[in-house]
Amino acid sequence: MAYRSVFDAGEITSEFDKAGISSHFIPCIWKWVARNPSCEWSDIPSLPSAAYSLLNSKFKPLTSTLHSRVDSSDQVTTKLLIKLQNKAFVEAVIMTYDTRLGKYCGKPRPGGPRSTLCISSQVGCKMGCKFCATGSMGFKSHLSSGEIVEQLVHASHISSIRNVVFMGMGEPLNNYTAVLEAIRVMTRSPFQLSLKRITVSTVGITHAISKLHNDLPGVNLAVSLHAPVQDIRCQIMPAARAFPLEKLMETLQVYQKNSKQKIFIEYIMLNGVNDEDQHAHQLGKLLEIFDVQVVNLIPFNPIGSISHFTSSSDVKVSTFQKVLRGTYNIRTTVRKQMGQDISGACGQLVVNLPNKRSSVNVELLTDIEDIHL
């Protein structure tokens, strides 16, 4: 029999209810396990005897293990290879930033170094984006809510995690129920993350976007747009055929009207595909009706022989940014490349056994997740 993760909130709550055990013990159990992942159930003090019996028969403190970690040469990115109970692997990435970089309201930012965790929601992915290594794996399986939360547990023993972004392996809104439950656990004790510090990225699954605000009011939404017109989206993102751009824009308008929240737009820069001046103007006009928090231009990261794309030049990226900023007054940033040497950068997550890398000291970076603070 496969044991369930104790962080599968729905399962443990249901089992406790059936056994007549108060659910108020659950956060206490989570806190103990988060601090002591290798603990035995008998190590946890002051639980009802029925709780120990139930936990031993149906749950494990962690169902996954940290198989390996690899640190990038710049010391600001760490990729975690996590082995699941079913022997499959997923990857998560810790990115370290400095909140003091940049300005807020024209003044220097307070704070200091802190970490963002890029988390996976599936083994593989159904979306098949041509520029993404995970898409080349195809879809293998959904992660349970507990397996998603366990990535945060593993990462928290390496770095203090302040932000979580669902931008790892998989399409989060294609595993909606588990992602929803995992986020709710992350906002409770012992993690206590604010929804404002959690970002869910999607290629544009419209029916799920429509539910997101009601289910998780305050969570950040990032849309992987990557092209300003439908035909280009279909060429590089096969899932766009099921979620046409016009329908996506209509859904985002309703989402923004109801949520009163700004939207993050992600846009990968592919040389000769979507990076010309005309594309910048098309994108600017497409987004004019929205209250966009930021357009994040993402340099394409190579994924070996499985892709024929190349990165846009720095000049093209800069020109694209200037069009959006200057002509359309849209806040536009260029994502700093992090973890490329360990295949931990955007679009590079695909299960490989890593090689250990050497480290050197470099300056920390600022983070898109701080833009809305």
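In the block above lies the structure referred to throughout.
Overview of the structure. In this text the structure is predicted, and so the values were computed from the model without any measurement.

### A closer look at helix 5 (residues 145-156)
- Helix length check: helix 5, at 12 residues, gives a terminal C-alpha distance of 17 Å against a target of 16 Å (1.5 Å per residue), a fit within 8%.
- Along helix 5, 11 of the 12 residues are buried, which leaves the element largely enclosed by surrounding structure.
- Ser-145, Gly-146, Glu-147, Ile-148, Val-149, Glu-150, Gln-151, Leu-152, Val-153, His-154 and Ala-155 are the residues of helix 5 that are buried.

### Concerning the packing of helix 7 (residues 206-215) against helix 9 (residues 245-259)
- Put simply, helix 7 and helix 9 touch, their axes get as near as 9 Å, and they point 5 degrees apart. In terms of orientation, helix 7 and helix 9 fall into the roughly parallel class. Mapping the contact onto sequence places Thr-206, Ile-209, Ser-210, Leu-212 and His-213 in helix 7 and Lys-247, Leu-248, Thr-251, Leu-252, Tyr-255, Asn-258 and Ser-259 in helix 9.
- In terms of residue class, the contact of helix 7 with helix 9 is built from five nonpolar, six polar and one charged.

### Some remarks on the pattern of salt bridges
- Enumeration according to the criterion identifies eight salt bridges in this entry.
- Measuring nitrogen to oxygen at the nearest pair gives 3.5 Å for the salt bridge that ties Glu-15 to Lys-18. Of this pair, Glu-15 and Lys-18 are both found in helix 1 (residues 9-19), three residues apart, which corresponds to roughly one turn of the helix.
- Residue Glu-15 is classed as buried on the basis of its relative accessible area, which comes to 11%.
- A single network of salt bridges, built from pairs that share partners, joins Arg-4, Asp-8 and Glu-11.

### Notes on the pairing of strand 15 (residues 292-299)
- Across the eight residues that make up strand 15, a large majority, eight, are buried.
- As judged from the seven bridges shared by strand 14 (residues 263-269) and strand 15, these two strands associate in the parallel manner. Looking across to strand 15, one finds that Glu-266 is bridged to Asn-296.
- Crossover handedness for the path strand 14 to helix 10 (residues 277-287) to strand 15: right-handed.
- As paired strands, strand 15 and strand 16 (residues 332-334) are joined by three bridges and run parallel to one another.

### Structural notes on the packing of aromatic side chains
- One pass over the full model with this rule turns up four aromatic pairs.
- When the centroid spacing of 5.9 Å and the interplanar angle of 50 degrees are considered together, the rings of Phe-7 and Phe-191 count as tilted. With Phe-7 in the loop between strand 1 (4-5) and helix 1 and Phe-191 in the loop between helix 6 (176-186) and strand 12 (198-202), this residue pair connects regions lying 184 residues apart in the sequence. Here Phe-7 and Phe-191 have matching classes, each one buried.
- Arranged with centres 5.1 Å apart and planes meeting at 35 degrees, the rings of Tyr-267 and Phe-320 form a pair that is tilted. A residue pair is termed long-range when its members are at least 10 positions apart, and Tyr-267 in strand 14 and Phe-320 in helix 11 (residues 314-327) qualify at 53 residues. Exposure class is identical for Tyr-267 and Phe-320. Each is buried.
- Among the aromatic residues, those joined into a cluster by ring pairs are Phe-7, Trp-30 and Phe-191.
- When the ring centre of Phe-139 is taken as origin, the NZ or CZ atom of Lys-126, which lies over that ring, is 4.7 Å away.
- A cation sits over an aromatic face here: Lys-211 above Tyr-176, 4.3 Å from the ring centre.

### Here we look at unusual backbone geometry
- Residue Pro-190 is reached from Ser-189 by a cis peptide bond, and omega for that bond is 15 degrees.
- For Pro-190, the location among the structural elements is in the loop between helix 6 and strand 12.
- Even without glycine at this site, Ser-46 takes up a positive phi of about 65 degrees.
- Structurally, the position occupied by Ser-46 is in the loop between helix 2 (26-35) and helix 3 (49-58).
- Of note in the backbone geometry, Asn-329 takes a positive phi value of approximately 55 degrees without being a glycine.
- By secondary structure assignment, the location of Asn-329 is in the loop between helix 11 and strand 16.

### Concerning the nonpolar core
- Counting residues in hydrophobic clusters, the biggest one holds 108 residues, and the most contacted among them are Phe-7, Phe-16, Val-164, Phe-166 and Val-295.
- Not counting chain neighbours up to four residues away, the residues in contact with Val-295 comprise Ile-265, Tyr-267, Leu-283, Leu-287, Leu-324, Ile-330, Arg-331, Thr-332 and Thr-333.
- Listed in part, the five residues of the second largest apolar core include Val-93, Met-95, Cys-118 and Val-165.

### A look at the packing of helix 1 against helix 2
- The interhelical angle for the contact between helix 1 and helix 2, taken along N-to-C directions, is 130 degrees, at an axis separation of 11 Å. Classified by the angle their axes make, helix 1 and helix 2 are oblique. For the pair helix 1 and helix 2, the crossing hand works out as right-handed. Here helix 1 contributes Ala-9, Ile-12, Thr-13 and Phe-16 to the contact with helix 2, which in turn contributes Ile-26, Ile-29 and Trp-30.
- In terms of residue class, the contact of helix 1 with helix 2 is made up of six nonpolar, one polar and no charged.

Definitions and limits used
- Residues numbered from 1 in each chain as written.
- Predicted model: local features only at pLDDT ≥ 70, side-chain atom pairs only at ≥ 80, totals over all residues.
- Heavy atoms only, no water.
- Helix = DSSP H or I, 4+ residues; strand = E, 2+ residues; numbered from the N terminus.
- Expected span 1.5 Å × (residues − 1).
- Buried < 20%, exposed > 50% of the residue type's maximum accessible area, 1.4 Å probe, protein only.
- Axes fitted to C-alpha atoms, helices over the stretch in contact; angles between N-to-C directions.
- Parallel < 35°, antiparallel > 145°, perpendicular 65-115°, else oblique.
- Contact = heavy atoms within 4.5 Å.
- Nonpolar A, V, L, I, M, F, W, Y, C, P; charged D, E, K, R; others polar.
- Salt bridge = Lys/Arg side-chain N within 4 Å of Asp/Glu carboxyl O.
- Pairing = 2+ DSSP bridges.
- Right-handed = clockwise from strand over helix to strand, strands pointing away.
- Phe/Tyr/Trp six-rings, centres within 6.5 Å; stacked < 30°, edge-to-face > 60°.
- Lys NZ or Arg CZ within 6 Å of the ring centre and 35° of its normal.
- Core = buried A, V, L, I, M, F, W, Y, C linked by side-chain atoms within 4.5 Å.
- Left-handed = near helix turned anticlockwise from the far one by under 90°.

Nothing here speaks to function; it is all geometry.
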